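In case you want the letters, here they are:
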Amino acid sequence: MSALEFSDRVHRVNPSFTLEMTSRAADLRSKGIDVINLSVGEPDFNTPEHIIQAGKEAMDEGFTKYTAGSGMIELRRAICEKLLVENGLTFTPDQVLVSNGEKQSLYTACQVLFDRGDEVIVFSPYWVSFPEFVRLADAESVIVSTEPNSQFEPNFNELISKINSKTKGMIINSPSNPTGGVWSNNAINKILDISKQNNLIVISDECYEKLVFDGQYVSTEKLNNYNTEVLTCMSLSKTYAMTGWRIGYTVGNHNIIGAMSKLQGQTTSCANSIGQKAAIAALTGDQKCVENMRNKYKERRDLMIGLLKEIKGVNCAVPGGAFYAFPDFSYYLGKNYNGEKMNDSFKLCDYILDVAKVVTVPGDGFGAPGHIRFSYAVSKDTIRKGIDRVVKALNELN
Ligand SMILES: Cc1ncc(COP(=O)(O)O)c(C=O)c1O
């Protein structure tokens, strides 16, 4: 056997193609090509100044060592206070695990909860990492479709028909990446009810909770009058423009958090100490910065959706949150350019990149054929310029 023969696990898992699109954009830029990147999955704002300052102070004070495995107690207390004040949820610090970004929280949750033979419900269009987390836990994702004209809420008949004795849990994500859909309280209530009846755990990914534009955000746990087991995963990445600081957290049942802490302790020990200090400043400081960013995203959303709706043949529901639009471009499938056929959204996005020099993300990768994800975490000028180029490229198809 060769030393370079990799484990089954590595062969099974798919690379993150959203990160691939980002690196393709960087590659073209490095060649001097004027590329417009509408594939970004992170805020274009810098981290607010008072948060950066707290990180600098942490370093100056020598706060550069390991912390408690589950996170500094001051940070876990700040998280509990945030959950109480902003979400109306009561948790104690021993029910909180701080991780290196919410991606690690979700990965560890799946490792702790799922095993070979288990089935986990994932709603399509899904964030690309959900099926991979499930796969890496040796379990199997069961995909349930959603309703594009109702904020991509679940098709409940299909959900019920797919639950069986192997179903162990489900992963929900509202506001959603890639659709921007925000589920109503009614839909979440149904999820909680069905989960309780079938003894399923609900992993609720709430990383876009602060990016809701048309109403009040309500955390899944807040609606949990069913006594359903809910594990809530949250992040500072999008709320405070802190993607590179890598701070996310999980709150839930004390025993699940304990199991996750055990696993995290043997993988990454703890979240980065400087990021944790910055996170305390973020959570306990003035929240005006969050509101300012949210208002800017809302303006950009309105601009982007308006422009997308003007494109011939394109359908685009108005997303209630996050910073993505997820229009249906099926009208352009089957069309040609220089004898090359647009067979699917991968091909269409490649064409848009080649001809318009605009990076977008193909919906096929999210389990949504014919759709394309556009990010509006970019300036209004970039949105205008990008969509203008896309329209010109589409007009070349016949
Ligand atoms: C739906 C969703 N969940 C979780 C994450 C992970 O966030 P982080 O690991 O930066 O906290 C992302 C990041 O893009 C996301 O889009």
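(A) Seen up close, the overall build of the protein. What the protein contains, in helices and strands, is 13 helices and 16 strands. Its C-alpha atoms give the protein a radius of gyration of 21 Å, near enough to 21 Å, the size a compact globule of 398 residues would have. By principal-axis analysis of the C-alpha atoms, the protein measures approximately 60 × 55 × 55 Å. Expressed as a percentage of its 398 residues, the buried residues of the protein come to 49%. Once local pairs closer than 6 in sequence are excluded, the contacts in the protein between residues at least 24 apart make up 71%.

(B) Region of interest: the environment of M242. With respect to the element layout, M242 can be found in the loop between β9 (230-235) and β10 (248-251). Given 26 C-beta atoms within a 10 Å radius, M242 is considered buried. Sequence separation between M242 and A278 is 36 residues, and the spatial gap between their C-alpha atoms is 9.3 Å. Among all residues touching M242, those that are not within four sequence positions of it are T47, I51, L236, S237, I247 and A282.

(C) Quick look at the pairing of β10. The two faces of β10 match: G248 and T250 on one face and Y249 and V251 on the other face are all buried. Summarising the sheet, β9 and β10 pair through four bridges and their orientation is antiparallel. Across the sheet, S235 pairs through a bridge with G248, a residue of β10.

(D) Geometry of unusual backbone geometry. Cis geometry is found at the peptide bond from S174 to P175, where omega equals -10 degrees. By secondary structure assignment, the location of P175 is in the loop between β7 (167-173) and α8 (185-197). With a phi angle near 55 degrees, Q151 is a residue other than glycine that sits in the positive phi range. Inspection of the secondary structure assignment puts Q151 in the loop between β5 (146-147) and β6 (153-154). Residue classification places Q151 among the buried residues on the basis of 23 C-beta atoms within 10 Å. Positive phi is not limited to glycine here, since R246 has a value of about 60 degrees. Here R246 is to be found in the loop between β9 and β10.

(E) Quick look at the domain arrangement of the protein. According to the domain assignment, the protein consists of domain 1 (8-33 + 289-395) and domain 2 (49-284). One C-alpha centre belongs to domain 1, the other to domain 2; they are set 26 Å apart. In this complex, domain 1 contributes 29 residues to the contact, which on the side of domain 2 involves 29 residues. Among the secondary structure elements, those contributing two or more residues to the side of domain 1 that touches domain 2 are α1 (8-12), α2 (17-30), α11 (288-309) and β11 (324-325). Here the element with the most residues in the side of domain 1 that touches domain 2 is α11; it accounts for six residues. Broken down by class, the residue content of the side of domain 1 that touches domain 2 amounts to 14 nonpolar, nine polar and six charged.

Conventions used here
- Residues numbered from 1 in each chain as written.
- Predicted model: local features only at pLDDT ≥ 70, side-chain atom pairs only at ≥ 80, totals over all residues.
- Helix = DSSP H or I, 4+ residues; strand = E, 2+ residues; numbered from the N terminus.
- Rg over C-alpha atoms; globule rule 2.2 N^0.38 Å.
- Buried ≥ 20, exposed ≤ 12 C-beta atoms within 10 Å, placed from the backbone.
- Contact = placed C-beta atoms within 7 Å.
- Pairing = 2+ DSSP bridges.
- Domains from an automatic or database assignment.
- Nonpolar A, V, L, I, M, F, W, Y, C, P; charged D, E, K, R; others polar.

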